[in-house]
Amino acid sequence: MHSVDATTEQMIRSVLAYAENRLRLDPVPLDQGPRDAADLARATRGLLSAEGTNADQVLGVYTSMLAPTVISADSPRFLGFIPAAPTKAALLFDMLVSCASIQGISWLEAAGAVHAENEVLRLIADKAGLPDTAGGCFVSGGSAANLSALVVAREMAKKKVGADGRRWRAAVGSDAHSSIVNTLKILEMDALTVPTDDHQLTGEALRAAIDADGDPSSIAVVVATSGTTNAGIVDDLAGIAAVAREHDLWFHVDGAYGGGGLFAPSVRHKYNGIEHADSFIVDPHKWLFAPFDCAALIYRDPQKARGVHTQDASYLDVIHDRPAEWNPTDYAYHLTRRARGLPLWFSLAVHGVAAYTDAVETALQLARDTADEIRGRANLELIREPDLGVVLFRRLGWEPAQYTAWADQLLADQVAFIPPSAWEGETVARFAFLHPHTSMDLVREVLDRMDG
Ligand SMILES: *Cc1c(COP(=O)(O)O)cnc(C)c1O
């Protein structure tokens, strides 16, 4: 299995040929073959055998039966949830990271990889206006990043008052991401849910909630969102930061989706106040055009995170002997990790940061143009002005089943993947723009299908 023999040569040819063809797709089609569980079971039956199966035969099952069931998140026609649009450069380099088994655990084992990842984190920290001392690591996703940051926040609060066994809380806006709720459950924390002002968490509302609270000393952290997933709303970060500082609370900003907007001058002002964050996360696998799975986690004071996350095991002492050396493993809940920041590093280096700015601005402009298009149609109603790349709207007179049928038909016809969403309990339609090659012609086609 580990030698280069005839079978290996065959696999190198076949798998790389597949990868090359996939890389050359421009645009990537949506795809979505039948996904009946019984058919899939039939297709793969017997493949995990004691003796193994010819590589081309296995690859054939994959390409004919498994791959087509995966809706291509990187298609410009993928307009639901949050799409992905990795650059070709980033995809290529992701292959290299895999083929060369590039891990990014410690400086001792992977100094060059860690150095390059840290330069990307530095670039993002600069966009956010965080101090030179800021740093962190790349983790698998926003959920892992939120968890890793909030455990540090909780431990810092504990440190202040001593571990007296109390149950800690996090002040969160009512539109915070579901991963925050899950994180609090894991951390045995409760939420102080602050009502939002038109779905935006404000400093004022936060102050009022804390003032009215019977037990404010149990609040460890305030969580703000810089780009809600459903509507792209950026919280009042400056106002929230001020309240967090007044009350000596950890200030965490979840920019998993919207953090990419920091690269776009046209919306940069919406993020004012983010420079006060104690921890900030952004998913490059969303709006910074990196492949799955890549989240940047940045702390204002990484020493605090290191104190919480460093794993103590005698066989690891050797990586911690040299305190000046940066070990990504010490800044999140993980130990072994691939250097998943490298594909982004390569692509940023090849294309330049300005190309990223242009690509993010393209999605923002699509959202604005789509809002105009919706305003111009009598049967449609814009729900709110888009803050970022998400557009929520309703088709007047439609019941939920009509939205579902519309979306199902669009997918069946390979026009677009655009599942309905919900807004204040109502089923609505939602564009999530991210891919810079999504066209207004496609948008109009999708909207035309709401006529009649
Ligand atoms: C997507 C998202 C997350 C979760 O990130 P994953 O990478 O999916 O784990 C958290 N917060 C927000 C605001 C998000 O959009």
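This text goes with the structure placed above it.
Residues numbered from 1 in each chain as written. Predicted model: local features only at pLDDT ≥ 70, side-chain atom pairs only at ≥ 80, totals over all residues. Heavy atoms only, no water.

### Some words on the site of the ligand
Note the following rule: Residue proximity to a molecule or strand is established when one non-hydrogen atom of the residue lies within 4 Å of it. Think of a polar contact as two N or O atoms within 3.5 Å of one another; within protein, one of them needs to be a possible hydrogen donor and the other a possible acceptor, and neighboring residues in sequence only count if both atoms come from side chains. Only DSSP runs of H or I reaching four residues or more are called helices, and only runs of E reaching two or more are called strands; each is numbered from the N terminus. Asp, Glu, Lys and Arg are counted as charged, while Ala, Val, Leu, Ile, Met, Phe, Trp, Tyr, Cys and Pro are counted as nonpolar; the rest, among them Gly, fall into the polar class.
In the vicinity of the ligand lie 14 residues, with Ser143, Thr229, Asp254, Asp283 and Lys286 positioned nearest. Gly142 is positioned such that a nitrogen or oxygen atom in its backbone is 2.7 Å from an oxygen atom of the ligand. Separating a nitrogen atom of the ligand from a side-chain N or O atom of His177 is a distance of 3.5 Å. For the shell around the ligand, the secondary-structure elements that each account for two or more residues are helix 6 (142-161) and helix 10 (284-287). The dominant element in the shell around the ligand, judged by the number of residues it contributes, is helix 6, at 3 residues. For the shell around the ligand, the residue count by class is 2 nonpolar, 9 polar and 3 charged.

### Concerning unusual backbone geometry
The linkage connecting Asp26 with the following residue, Pro27, adopts the cis geometry, with an omega of 5 degrees. Positionally, Pro27 belongs in the loop between helix 1 (6-24) and helix 2 (37-44). That bond from Phe292 to Asp293 is cis: its omega, 0 degrees, falls within 30 degrees of zero. At Asp198, a position not held by glycine, the phi torsion is positive, near 50 degrees. On the secondary structure map, Asp198 appears in the loop between strand 3 (190-194) and helix 8 (203-211).

### Quick notes on the packing of aromatic side chains
Keep this limit in mind: Ring pairs shown here join Phe, Tyr and Trp side chains whose ring centres sit within 6.5 Å, with only the six-membered ring taken for Trp; geometry is labelled stacked below 30 degrees between planes, edge-to-face above 60, and tilted in between. For every residue, the accessible area obtained with a 1.4 Å probe (protein chains only) is divided by the maximum for its type, and the residue is called buried under 20%, exposed over 50%, and partly exposed between those limits. Each ring is checked for a lysine NZ or an arginine CZ that lies within 6 Å of its centre and within 35 degrees of its normal; such an atom marks a charge sitting over the ring.
Taken as a whole, this structure holds 12 aromatic pairs when the rule is applied. With a centroid separation of 6.1 Å and 75 degrees between ring planes, the pair formed by Tyr18 and Tyr62 is classed as edge-to-face. Taken as a pair, Tyr18 in helix 1 and Tyr62 in helix 3 (residues 55-66) lie far apart in primary sequence, 44 residues in all. With relative accessibility at 31%, the residue Tyr18 sits in the partly exposed group. The exposure class assigned to Tyr62 is partly exposed, which follows from its relative accessible area of 38%. Here Phe93 and Phe346 contribute two aromatic rings whose centre-to-centre distance is 4.4 Å and whose plane-to-plane angle is 15 degrees, an arrangement assigned as stacked. Note that Phe93 is positioned in helix 4 (residues 88-99) and Phe346 in helix 13 (residues 342-351), a separation of 253 residues in sequence. Of the aromatic side chains, those joined through ring pairs into one cluster are Phe78, Phe81 and Phe417. It is Lys127 that lies over the ring of Phe263; its NZ or CZ is 5.2 Å from the centre.

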